[in-house]
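Residue-level structure breakdown
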Amino acid sequence: MAYGLLVCLASPPVDLWPLAVVVPVPLVWVACRMAANPRRLWRGALLTCLGVLPAWLFEERWLIDVTTPGYPLMAVYMSLYAGAFVALMAAIGRAAPRLPWSVVVGVLWVGMEVLRGEVVMTGYPWFLVAHPLIAWPVLAAPAGVLGAYFVSFLVACLAGAATDAIGWGGRAARRPVAALAAGMVAAAWVSTGWVGWTVGGGGPTTAVRVGVVQTNLPQDNKMDWPIEDRLRGFQRFEDLTRQVANTDLIIWPETMFPGNELNPDAVEVERRAALMWRIEKGGAPDVPGDAVPTTVFADALVQLQKDLGVPMLVGSPAIEGLRVIPAGAGGQVRTESRARFNSVFLVMDGRVRPDRYDKLALTPFGEVIPLVWRWPRVQEWIVSLGAAGMSFDLSPGREATVFQVPVGSRGGGSVRLVTPICFEATKARVCRQLAYSAGRRRADLLVNLSNDGWFGGAAGGREQHLLAARWRCAELGMPMVRSVNTGISAAIDRHGRMLAAGPDGLDQDVNVDGVMTATVDVPTGEGGTVYGQVGDAFAWMMLGATVLGPLWAAWSFRRKRANTGG
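The following refers to the structure shown. (Residues numbered from 1 in each chain as written. Predicted model: local features only at pLDDT ≥ 70, side-chain atom pairs only at ≥ 80, totals over all residues. Heavy atoms only, no water.)

This next bit is on the overall build of the protein. Secondary structure assignment for the protein yields 18 helices and 19 strands. For the protein, with 566 residues in total, the buried portion stands at 56%. Taken as a whole, the protein presents about 23800 Å² of accessible surface, with 60% of it coming from carbon and sulfur. (Helix = DSSP H or I, 4+ residues; strand = E, 2+ residues; numbered from the N terminus. Buried < 20%, exposed > 50% of the residue type's maximum accessible area, 1.4 Å probe, protein only. Areas by Shrake-Rupley, 256 points an atom, 1.4 Å probe, with all protein chains shown as cover.)

What follows is the structure, given as structure tokens:
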């Protein structure tokens, strides 16, 4: 339970971030006890899972309103990793009692984080032990060399060194070994931190003034959005957008465009078919008649951008292969399409640019059911059991699009933007894929469009999303701007430091709408970070060692038994 308590205290909303450096200690202590008494191995692992379960029930409580059956399953799933860690550590400690914990703890800890964050069910890279340390970006700087998982490794190695110094689990204290290990960790932290902080940071920069529109649309409304509410919502979005007309770039959140889609070819199909939305009597008194064209929002958005003259990034669905098919008497029709995407569009020069970005990594259990998405009927059955009302009809994107946006109204040239959508900002691998190609930086600024209405009124979730996203700046040496439905919109510099958060002039930054303006210094040179060039090579090495460790431990134990005649 101590481990679970430390996770909750170190993470938002409590945010006692210095506690992150001792988060692994309780699990390490349990593993040492289990290594000294092998008969308690599986019993100890089970008790560990049960002990940390309340913490994950607290951290994942926002899922209650999204998928009530899935909420306890998610908490149990997260708890399994704590039990697996202590079991693996105890097994290796039993098979190799001379192996220093200073080495074992770091390797196993990161191996388990990589397994959860990158592999199982497409990955859930939240709650890394390193994450709270971004509050002091100097501690996060080594991520610019080997990634956030490397900082987790440093934290876990310190816990291992403390264990060697104390001599838990019946082992003799190894103070010289512990002192040497702690010194090496400190040296690695300082040296890689210096490299991560400095390399790729030189060269020219361009000051880009961004205007972020933060909407406040509850998720249940977004899933069932009547045309009357869409009309009122768009009017509010337009009013907010006009407040940031004196910027270089205006950003709307993920999927906040109220139309069916924004890609020009599909909009043109609807226009030619003269599709209409019927309005309930009295539902929109300021709209003449009882129907509006389904293209009304696309036309209004283009006109808005033309009036302001400022490039706009807008989150909207995209539909490929749209067809309108007559469905009976009275002019009724139905539509069919080949694919549907969660996309970002650039609206510029009075038109929607055709080169959109389609989300590459769909959110597991939010946009796709891992493993079973290839079998639609199975997926529909699972959805009916645990996520009724949600739609899982999105296709993953195919291309890592880079937008070239002029910021030349004051002679500033142009910047290259990539736009990870929502959950993608927490995935280092995806953001690196967007920002780098063949080891070379091909973008200057990360723009994260998100809809955090999923978190409802639960405190902590939005803050944790922002916390994880800040690590991408430290890893890639690039600033980020976030435009988030229900908050927290933010501007972050290339080290992960906060420049602005929440709507201007308001005391709260969540569950409120408004606008945020910020000036971001965007690097325009060709230099990049070491992590941008090598990616998660270190993390995958730790996962490989974690997989091989138990096999080696089992082989070593069997060899000992054979040699002793047991």
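One pass over the full model with this rule turns up 19 salt bridges. In this structure, the salt-bridge partner of E238 is R242, at a minimum N-O distance of 3.0 Å. One end of the pair is E238 and the other is R242, both in helix α11 (residues 227-242) and 4 residues apart, which spans about a single turn. Overall, the relative accessible area of 38% leaves R242 in the partly exposed class. Among the salt bridges present, the one from E336 reaches R323, with a minimum N-O distance of 3.3 Å. With E336 in strand β7 (residues 333-336) and R323 in strand β6 (residues 323-326), this pair connects stretches of sequence that are 13 residues apart. The exposure class assigned to R323 is partly exposed, which follows from its relative accessible area of 48%. (Salt bridge = Lys/Arg side-chain N within 4 Å of Asp/Glu carboxyl O.)

This next bit is on the packing of aromatic side chains. According to the stated counting rule, one finds 16 aromatic pairs in the structure shown. Note on F234 and W252: the rings are 6.1 Å apart at their centroids and 65° apart in plane angle, and the pair reads as edge-to-face. One end of the pair, F234, is in helix α11; the other, W252, is in the loop between β2 (249-251) and α12 (264-273), and 18 residues separate them in sequence. Pair check on accessibility: F234 and W252 agree, each one buried. Both rings, one in F234 and one in F297, keep their centres 5.5 Å apart while their planes meet at 50°; by these two values the pair is tilted. Highlighted residues: F234 in helix α11 and F297 in helix α13 (residues 296-308), separated in sequence by 63 residues. (Phe/Tyr/Trp six-rings, centres within 6.5 Å; stacked < 30°, edge-to-face > 60°.)

As a further point, take the sheet that holds strand β11 (residues 403-406). The 6 strands lie next to each other as β11-β12-β15-β16-β17-β18, forming an open sheet whose pairing is mixed. Where the open sheet ends on each side, the last strands, each with one partner, are β11 and β18 (498-501). With direction set aside, neighbouring strand axes in the sheet form an average angle of 25°. Along the sheet face, helix α16 (residues 461-476) touches β15 (445-451), β16 (480-485), β17 (490-492) and β18 and points at about 160° away from the line of β16. (Pairing = 2+ DSSP bridges. Axes fitted to C-alpha atoms, helices over the stretch in contact; angles between N-to-C directions. Contact = heavy atoms within 4.5 Å.)

Further remarks concern the packing of helix α4 (residues 70-95) against helix α5 (residues 101-119). Look at α4 against α5: their axes get within 10 Å of each other, and the N-to-C directions meet at 150°. When the axes of α4 and α5 are compared, the pair comes out roughly antiparallel. Seen from above, α4 lies across α5 with right-handed handedness. Taken together, the residues of α5 that come into contact with α4 (itself represented by Y77, M78, Y81, A84, F85, L88, M89, I92 and G93) are W101, V104, V105, L108, W109, M112, L115 and R116. Taken together, the residues of the contact of α4 with α5 sort by class into 15 nonpolar, 1 polar and 1 charged. (Parallel < 35°, antiparallel > 145°, perpendicular 65-115°, else oblique. Left-handed = near helix turned anticlockwise from the far one by under 90°. Nonpolar A, V, L, I, M, F, W, Y, C, P; charged D, E, K, R; others polar.)

The buried count for strand β19 (residues 514-523) comes to 7 of 10 residues, which makes it a mostly enclosed element. Both strand β1 (residues 205-214) and β19 contribute to a ladder of 10 bridges, which runs antiparallel. Across the sheet, residue V212 finds its bridge partner in β19, namely M516.

To continue, consider the packing of helix α3 (residues 41-59) against α4. Direction vectors running N to C along α3 and α4 enclose 140°, while the axes themselves pass 7 Å from each other. Pair α3 / α4 crosses with right-handed handedness. Of the residues assigned to the contact of α3 with α4, the class counts are 19 nonpolar, 3 polar and no charged.

With that settled, consider the nonpolar core. Ranked by size, the top nonpolar core spans 74 residues in total, and within it Y3, W56, F85, M89, F153 and W471 carry the most contacts. Ranked by size, the runner-up nonpolar core spans 51 residues in total, among them L360, C431, M478 and A490. (Core = buried A, V, L, I, M, F, W, Y, C linked by side-chain atoms within 4.5 Å.)

Below, the discussion takes up helix α9 (residues 175-198). Between its first and last C-alpha atoms α9 spans 34 Å; for 24 residues at 1.5 Å apiece the expected length is 34 Å, and the two agree. Lining the buried residues of α9 we find α5, α6 (137-140), α7 (143-146) and α8 (148-166). (Expected span 1.5 Å × (residues − 1).)

The next thing to look at is unusual backbone geometry. With omega at 10°, the peptide bond leading from P12 into P13 counts as cis. In this structure, P13 sits in the loop between α1 (2-10) and α2 (25-36). One non-glycine residue with positive phi stands out, namely T122, at about 70°. Mapped onto the elements, T122 comes out in the loop between α5 and α6. One non-glycine residue, C422, adopts positive backbone phi at about 50°. Tracing the chain through its elements places C422 in the loop between β12 (414-418) and α15 (428-435). What makes C422 buried here is its relative accessible area of 9%.

Inspection of the secondary structure assignment puts A300 in helix α13. Remark: the alpha-carbon pair of A300 and E238, spanning 62 residues in sequence, is separated by 9.1 Å.

Here we come to the environment of P218. Assignment of secondary structure puts P218 in the loop between β1 and α10 (219-223). Linking P218 and N485, residues 267 residues apart in sequence, is a C-alpha distance of 8.5 Å.

This paragraph deals with a nonpolar patch on the surface. Taken together, the side chains of L46, L47 and L50 present a nonpolar region at the surface, about 300 Å² in accessible area. Position of L47 relative to the elements: it lies in helix α3. By relative accessible area, L47 is classed as partly exposed at 46%. (Patch = residues over 30% accessible without salt bridge, like charges linked within 9 Å, V, L, I, M, F, W, Y side chains within 5 Å.)

Every buried residue belonging to α12 is among A266, V267 and E270, and all of these are buried. An end-on view of α12 places all buried positions within 100° of arc, on one side of the element. Positive phi appears at A274, one or two residues downstream of α12, with a value of about 55°. (Arc of directions from axis to C-beta.)

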